[in-house]
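# Structure at a glance
The chain contents come next:
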Amino acid sequence: MARVELHGVGKTYPGGVMAAEDVNLDVADGEFVVLVGPSGCGKSTTLRMVAGLESITTGTVSIGGRVVNDVEPKDRNIAMVFQSYALYPHMTVRDNLAFGLKLRGASREETATKVAAAAGVLGIDELLDRKPRALSGGQRQRVALGRALVRDPDVFLFDEPLSNLDAKMRVQMRTEISRLHHSLGATMLYVTHDQVEAMTMGQRIVVMHKGRVQQVDTPLNLYERPANRFVAGFIGSPAMNFLDGRLVRDGGLHLALKDGAALPLPAGWEPPAAALGRDVVLGVRPEHLDLVTGGGFAAPVQVIEPLGNETLLYTEIGGAAVTVRGPGRVDAVVGGAVNLLPRAGHLHLFEAGSGVALGA
Ligand SMILES: Nc1ncnc2c1ncn2[C@@H]1O[C@H](COP(=O)(O)OP(=O)(O)OP(=O)(O)O)[C@@H](O)[C@H]1O
Ligand SMILES: [Mg+2]
């Protein structure tokens, strides 16, 4: 297994598209790191530069301490799994798994041992004599994983491997890949645009936006201490609410909203002194807006979604749409109002222009 390092890595495609810029990342030996971000942010490009499928415009990529910028993909000892399984349709599962090994001149015995081991790990022993067309999507993706597994690579690279599966199968395969990571202790770099997949699988997550790394951190640090407004809005579902206003201490502390109303802020919360009296963006997650009986901000209820374990309320504060996550049963009606109070210890402040987080 191996460590993967990216130093100042950038990619400009012919025609001038800057797909990735100054990407710095150090993936430890045996670590599971997820690259996440919206469509077009440069995830696949970055992964493909590690794989050697895309040339590197600037910077260096190292695998196991060796700079691989000019090393052929087949000599990097990596295995890549894509969204499309690309299995050979005329071959059985067994032959699909064995194909790469045969190409490399592995003996019949070694091939049989490795295929059996991979099939065992992935629970596809029963399927070895079937053709791909006789498999479900999840089973096909398992075979594609098996093909990577038999190669015994230093690094596994995944590019949205679960996107073709239905929601239930995605959740199942998610835990299978995590389990595989634990049992192999392999270095894995995994690309997805799905923040839930990123949060549940990654030991560390790289959030990308417009070709640039926004933050590299553990799932909970990203959730609790997003570095900027983009990360704050991207991680978490339903997304964080953002309110523009000016922090004012006038009796109590409140956010003076653009429409003249004031959002009371909880006692016991101390914003950074530098933020007082300034235009800021206040970020508060739906689960950190408490429904209170007295005080708070009276917000009109526009939509109620009772989900059983929780209730989502769609409201408005100072003209901005605000989502509230309440308990399973909430005493509210559409057309009525609820009193909201942001919870101390869970408020985020961002600079109005740049969106950079203001340290608490
Ligand atoms: N071969 C190419 N030639 C020119 N531009 C490209 C090429 N491949 C990708 N791009 C551009 O580079 C940018 C990053 O693309 P990339 O495929 O890395 O995004 P992504 O984050 O993987 O997105 P998605 O989630 O949609 O897969 C996009 O603007 C894309 O249009
Ligand atoms: Mg992609």
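Residues numbered from 1 in each chain as written. Chains lettered and ligands numbered in written order. Predicted model: local features only at pLDDT ≥ 70, side-chain atom pairs only at ≥ 80, totals over all residues. Heavy atoms only, no water.

### Some points on the overall build of the chain
Along the backbone of the chain there are 8 helices and 21 strands. Per-residue burial for the chain yields a buried fraction of 46% across its 360 residues. When contacts within the chain are restricted to residue pairs at least 6 apart in sequence, long-range pairs at least 24 apart make up 66% of them. As presented, the chain carries roughly 16,500 Å² of accessible surface, and 51% of it is formed by carbon and sulfur atoms. Charge-centre separation for the chain: the mean point of 36 positive side chains lies 5 Å from the mean point of 38 negative side chains. (Helix = DSSP H or I, 4+ residues; strand = E, 2+ residues; numbered from the N terminus. Buried < 20%, exposed > 50% of the residue type's maximum accessible area, 1.4 Å probe, protein only. Contact = heavy atoms within 4.5 Å. Areas by Shrake-Rupley, 256 points an atom, 1.4 Å probe, with all protein chains shown as cover. Lys, Arg positive; Asp, Glu negative; His and termini not counted. Charge placed at Lys NZ, Arg CZ, Asp CG, Glu CD.)

### Describing the sheet that holds strand β15 (residues 289-292)
Remark on secondary structure: sheet strands pair via backbone hydrogen bonds, oriented parallel or antiparallel. Spatially, β15-β20-β16 is the arrangement adopted by the 3 strands of the open sheet, whose pairing is antiparallel. Here the strands that pair on one side only, and so sit at the sheet edges, are β15 and β16 (297-300). Mean inter-strand twist for the sheet, computed between neighbouring axes without regard to direction, equals 50°. The pairing of β16 with strand β20 (residues 337-342) spans 4 bridges and is classified as antiparallel. The residue of β20 that forms the bridge with P300 is A337. (Pairing = 2+ DSSP bridges. Axes fitted to C-alpha atoms, helices over the stretch in contact; angles between N-to-C directions.)

### Section: the sheet that holds strand β6 (residues 78-81)
Reading across the sheet, the 6 strands line up as β6-β7-β8-β3-β9-β10 and stay open at both edges, with mixed pairing between neighbours. Each having just a single partner strand, β6 and β10 (212-217) make up the two edges of the open sheet. Taking each pair of neighbouring strands and ignoring which way they run, the sheet shows an average axis angle of 15°. In this structure, strand β3 (residues 32-36) lies alongside strand β9 (residues 204-209), joined through 4 bridges in parallel fashion. Counted as the bridge partner of L35 is V206 from β9. On top of the sheet, helix α1 (residues 43-51) reaches β3, β6, β7 (155-159), β8 (187-192) and β9; it is set at about 150° to β7, its chief contact. Packing of helix α4 (residues 137-149) onto the sheet brings it into contact with β6 and β7, and relative to β6 it is tilted by some 170°.

### Notes on the nonpolar core
Core analysis: the biggest nonpolar cluster contains 44 residues, and I124, F158, I177, Y190 and V207 have the highest contact counts within it. No other element matches the 5 residues that α4 contributes to this core. Residue contacts for Y190: discarding those within four places in its chain leaves F32, V33, V34, L35, F158, P161, L162, I177, E197 and M201. (Core = buried A, V, L, I, M, F, W, Y, C linked by side-chain atoms within 4.5 Å.)

### Some points on the packing of aromatic side chains
If you walk through the whole model with that rule in mind, you get 6 aromatic pairs. Aromatic side chains F32 and Y190 sit 5.7 Å apart centroid to centroid with 35° between the ring planes, which places their arrangement in the tilted category. Remark: Y190 occurs in strand β8 and F32 occurs in strand β3; sequence separation between them is 158 residues. Classification of F32 as buried rests on a relative accessible area of 1%. Assessed through its relative accessible area of 0%, Y190 is described here as buried. The interplanar angle of 65° and the centroid separation of 5.9 Å between the aromatic rings of F242 and F350 together place this pair among those described as edge-to-face. Placement of F242 in strand β11 (residues 241-250) and of F350 in strand β21 (residues 348-351) is noted, with a sequence separation of 108 residues between them. (Phe/Tyr/Trp six-rings, centres within 6.5 Å; stacked < 30°, edge-to-face > 60°.)

### Describing the pairing of strand β19 (residues 320-326)
In terms of strand pairing, strand β18 (residues 311-317) meets β19 through 7 bridges, oriented antiparallel. Across the sheet, E316 pairs through a bridge with A321, a residue of β19. In this structure, the hairpin formed by β18 and β19 is closed by a connection of 2 residues, where G318 is found at a positive phi of approximately 55°.

### Some details on the packing of helix α2 (residues 93-103) against α4
Following both chains from N to C, one finds α2 and α4 inclined at 30°, their axes separated by 8 Å at the closest point. One finds that α2 runs roughly parallel with respect to α4. Note that α2 runs across α4; the crossing there is right-handed. Of the residues in α4, those in contact with V93, N96 and L97 of α2 are V143, G146 and R147. Counted by class, the contact of α2 with α4 contains 3 nonpolar, 2 polar and 1 charged residues. (Parallel < 35°, antiparallel > 145°, perpendicular 65-115°, else oblique. Left-handed = near helix turned anticlockwise from the far one by under 90°. Nonpolar A, V, L, I, M, F, W, Y, C, P; charged D, E, K, R; others polar.)

### Considerations on the environment of P264
Its place among the elements puts P264 in strand β13 (residues 262-264). In this structure, the C-alpha to C-alpha distance between P264 and F156, residues 108 residues apart in sequence, is 50 Å.

### Looking at α2
Since the α-helix turns once every 3.6 residues, residues separated by three or four places project in the same direction. Turning to α2, its buried residues number three or more, namely V93, N96, L97, A98 and L101. The secondary structure elements touched by the buried residues of α2 are α3 (108-122) and α4. G105 sits one or two residues past α2 and shows a positive phi near 80°.

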